[in-house]
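# Descriptive structure summary
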Amino acid sequence: AGGDDHPDVIVLMSESLWDPTRLSNVNFSADPMPVMRENGSGYSFSPEFGGMTANVEFEALTGFSNAFLPYGSIPYQQYVRQPIPSLATFFRAEGYAARAIHPYQSWFWNRSEVYKAFGFEDFMSEENLPALDKRGFFASDDGLFKEIMREADGMDRPFFFFSVTLQGHGPYEPNRYAKNAIDITGNIPENDLKTIATYTHGVKEADDSLKMLMDWAKNRERETIIVVFGDHLPPLGSAYVSTGYMPQQVASRKASLEVMKKEHETPLMIWSSRSGKKDVGTISPAFIPRHVVSMAGFEHPYYTEFLGRVEKRYPVVDRYMLLSRDGATKTDWSLKGQKIDPLIRDYRFIQHDMMFGKQ
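For the structure given in this document, a descriptive report is provided here. (Residues numbered from 1 in each chain as written. Predicted model: local features only at pLDDT ≥ 70, side-chain atom pairs only at ≥ 80, totals over all residues. Heavy atoms only, no water.)

For the rest of this paragraph, the subject is the packing of aromatic side chains. Under the criterion given, the structure shown has 30 aromatic pairs. Ring geometry for F91 against F160: centres 5.1 Å apart, planes inclined by 25 degrees, an arrangement best described as stacked. Remark: F160 occurs in strand β8 (residues 159-164) and F91 occurs in helix α4 (residues 87-93); sequence separation between them is 69 residues. Accessibility expressed as a relative area gives 0% for F91, which makes it buried. Residue F160 is classed as buried on the basis of its relative accessible area of 0%. With 6.0 Å between their ring centres and 15 degrees between their planes, Y302 and F306 make a pair best called stacked. (Phe/Tyr/Trp six-rings, centres within 6.5 Å; stacked < 30°, edge-to-face > 60°. Helix = DSSP H or I, 4+ residues; strand = E, 2+ residues; numbered from the N terminus. Buried < 20%, exposed > 50% of the residue type's maximum accessible area, 1.4 Å probe, protein only.)

Next up, the structure:
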């Protein structure tokens, strides 16, 4: 396995990527994310809101769920103490190189230790990356994606790259960018308009950078899979309240499906330079690995078979909401004494065994 018949894979978790045009009572002079909109596969249903990036990353790399861990858990800091199977170990077993790339310090969220446990061969962090162009305080998506392209062009075997972007990180102070490409108007406080304008310009730059990466992929000889998803909604603070999008500055813990989707859905793209996008609807980040593995042309007892069975029945497995394929929801499904679907029970057992048991 691993020969030239399998594609290169780049998975990008985009910091706070979300569609700001979902906000009510504000007008946008242009669409900030035309590329993502045209190539979107659906939505990732984030288990977090406004932060806790590492918990979303945990799901997207392992296929495990935060829903089965105690409330308030941060698996990267508390539980990852031994090798745990992930997309990195899967692709390495198929002869791929597996590399993590994140333009921030490697100690943050304990990533250097976690990435070793997840089977990545190396981790390119701020300490060992070349200096990347900054936008505001943070490395730009443009600089990061150019570095990803440069590293990819130097690979002599198929590769799996996983990268977490940084540019979209809050807070969204006014004048982070010299000039905002998109005008935001609306009858809301000036500081909220400025927050939305800064955030929206960042989304526009993320979308432009994604186009650059996709154009590069289309011109490569090897098929290249690119997966992009936002980790959580951005922390826009009072702008959520003044636009009427949410009653408070933070998401509700439990709510109807409609409200939960408003507060937890981030854009998701699963795309191949040969076959284009795959439509998946709204799914938990834990199901992203299954689509990556199958789009790359592999089958696997856990990633494609078992997760496939779970996703077919429950596309969203969240601590506060189990969403069935037919649209039915259960909010208190994880509480003690609830009758639990054997499929979900098995999912929890497998995860528990891999994280805490004898594997």
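Quick look at the nonpolar core now. Judged by nonpolar contacts, the single largest core of 62 residues is most densely connected at F91, F120, F160 and V317. Not counting residues within four places of it along the chain, the set of residues in contact with F120 comprises L61, A88, R92, A98, R99, A100, Y115, F160 and F162. (Core = buried A, V, L, I, M, F, W, Y, C linked by side-chain atoms within 4.5 Å. Contact = heavy atoms within 4.5 Å.)

For the rest of this paragraph, the subject is the sheet that holds strand β16 (residues 329-330). With antiparallel pairing, three strands are arranged side by side in an open sheet as β14-β15-β16. One side of each edge strand has no neighbouring strand; the edge strands of this open sheet are β14 (316-318) and β16. One ladder, built from two bridges, connects strand β15 (residues 321-323) with β16; its direction is antiparallel. If you follow L322 over to β16, its bridge partner there is K330. (Pairing = 2+ DSSP bridges.)

Throughout the structure, instances matching the rule amount to 23 salt bridges. With its nearest N and O atoms 3.1 Å apart, the salt bridge here joins R99 to D122. Separated by 23 residues along the polypeptide, R99 in strand β4 (residues 97-101) and D122 in strand β5 (residues 122-124) bring together distant segments of the chain. A relative accessible area of 16% means that R99 is categorised as buried. Several salt bridges share partner residues, and in doing so they unite D8, R220 and R222 into one network. (Salt bridge = Lys/Arg side-chain N within 4 Å of Asp/Glu carboxyl O.)

Next up on the list: the environment of M155. Along the chain, the position of M155 falls in the loop between α6 (141-153) and β8. Separated by 118 residues in the primary sequence, M155 and S273 place their C-alpha atoms 18 Å from one another.

Attention shifts here to the pairing of β8. β8 sits mainly inside the fold: six of its six residues count as buried. The side-chain alternation of β8 yields two buried faces, one formed by F159, F161 and S163 and the other by F160, F162 and V164. Where strand β1 (residues 8-14) lies against β8, five bridges are found, and the strand directions are parallel. Paired with V11 across the bridge in β8 is F162. Summarising the sheet, β4 and β8 pair through five bridges and their orientation is parallel. When the bridges of β8 are listed, A100 appears paired with F162.

Quick look at the packing of helix α11 (residues 301-313) against helix α12 (residues 342-356) now. The interhelical angle for the contact between α11 and α12, taken along N-to-C directions, is 140 degrees, at an axis separation of 10 Å. The way α11 lies across α12 gives a crossing that is left-handed. Here α11 contributes Y302, F306, L307, R309, V310 and R313 to the contact with α12, which in turn contributes L343, I344, D346, Y347 and I350. When its residues are assigned to classes, the contact of α11 with α12 shows eight nonpolar, no polar and three charged. (Axes fitted to C-alpha atoms, helices over the stretch in contact; angles between N-to-C directions. Left-handed = near helix turned anticlockwise from the far one by under 90°. Nonpolar A, V, L, I, M, F, W, Y, C, P; charged D, E, K, R; others polar.)

Time to look at the packing of helix α10 (residues 288-295) against α11. Closest axis-to-axis distance for the α10/α11 pair is 9 Å, and the angle between their directions is 130 degrees. As judged from the angle between their axes, α10 and α11 are oblique. Crossing geometry of α10 relative to α11 is assigned as left-handed. From α10, P289, R290, H291, V293 and S294 reach across to α11, where they touch Y303, T304, L307, G308 and E311. Along the lines of polarity and charge, the residues of the contact of α10 with α11 split into four nonpolar, four polar and two charged. (Parallel < 35°, antiparallel > 145°, perpendicular 65-115°, else oblique.)

A word on helix α2 (residues 53-62). With respect to burial, α2 is a largely interior element, 10 of its 10 residues being buried. Looking only at α2, the buried set comprises T53, A54, N55, V56, E57, F58, E59, A60, L61 and T62. Phi turns positive, to about 80 degrees, at G63, one or two residues after α2.

Just geometry here; none of it tells us what the structure is for.
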